[in-house]
Amino acid sequence: TEDEFKIDSKDAKLKAWINDQQQQYQLYRAGRPSTMFEEKIQLLNGIGFVFDEPSDPSVPKPKIYVTWVRWLMKLKDYQAEHDGSCEIDIKDKENARLRQWVLDQHVEYKRMKDGLTTSMNAEKVERLEAVGFQFK
């Protein structure tokens, strides 16, 4: 999707490195020998790195996906320009997509609280609350 990071096909070294990180992550999560370790995973998550969903169902899916992290970073940028506010005015056409993402977080949080299927999880709640996001 347009919200995901794209790698220029000409940058073969970067693409190979990304593929290697994703493969090492899958091996690590499956308990197999790997060059991946928790601190490296946390550092990569911190920059919005996406560990593709593994094709092997025995390997757990990654906790944080790049699209969600990118929207969180956009929210932080918005806050920096708007006195720390996470509320986006409906008239603000420039940030309409960010406003929709914020509204979606409220909906997903409510679904989680109601025990329904949702993309929200405790880690996302913690990250949102850390930037001052207040759930309705």
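Per chain, residue numbering runs from 1 following the sequence as it is written. Local features in this predicted model are restricted to residues of pLDDT 70 or higher, and side-chain atom pairs are both shown and tallied only at a pLDDT of 80 or more, whereas totals for entire chains, interfaces and linings draw on every residue. Excluded from the side-chain calculations are hydrogens and water; all other atoms, namely the structure's heavy atoms, are used.

**Description of helix 5 (residues 122–130)**
Next, step 1: Here's how the labels work: a residue is buried when its accessible area is under 20% of the maximum for its type, exposed when over 50%, partly exposed in between, all with a 1.4 Å probe on protein chains only. A run of H or I in DSSP becomes a helix once it reaches four residues, and a run of E becomes a strand once it reaches two; helices and strands are each numbered from the N terminus. Three or more residues of helix 5 are buried, namely Lys-124, Val-125 and Leu-128. End-on, the buried residues of helix 5 take up no more than an arc of 100°, which puts them together on one face. In helix 5, those exposed residues whose orientation departs by more than 90 degrees from the buried face are Ala-122, Glu-126 and Ala-130.
Next, step 2: Counted as a polar contact is a pair of N or O atoms within 3.5 Å, where, for protein atoms, one must be capable of donating a hydrogen and the other of accepting one, and residues adjacent in sequence contribute only when both atoms are in side chains. N-cap assignment for helix 5: the residue whose side-chain oxygen lies 3.1 Å from the backbone N of Glu-123 is Asn-121.
Next, step 3: Just downstream of helix 5, Gly-132 is the residue with a positive phi angle, here 90°. Directions drawn from the helix axis to the C-beta atoms are what define this arc.

**Some details on the packing of aromatic side chains**
Next, step 1: Under the pairing criterion, centres of Phe, Tyr and Trp rings, with the six-membered ring standing for Trp, must be within 6.5 Å; the plane angle then separates stacked pairs below 30 degrees from edge-to-face pairs above 60, leaving the rest tilted. Evaluation of the coordinates by the stated rule reveals 3 aromatic pairs.
Next, step 2: Judged by centre distance (3.9 Å) and plane angle (20°), the ring pair of Tyr-109 and Phe-135 falls under stacked. Of the two residues, Tyr-109 sits in helix 4 (residues 96–113) while Phe-135 sits in the segment after helix 5, which places them 26 residues apart along the sequence.
Next, step 3: For Tyr-109, a relative accessible area of 16% corresponds to the buried category.
Next, step 4: Joined through ring pairs, the aromatic side chains of Tyr-109, Phe-133 and Phe-135 make up one cluster.
Next, step 5: Above the plane of the ring of Trp-71 lies Lys-74, whose end atom (NZ or CZ) is 4.1 Å from the centre. Whether a charge sits over a ring depends on NZ of Lys or CZ of Arg being within 6 Å of the ring centre and within 35 degrees of the ring normal.

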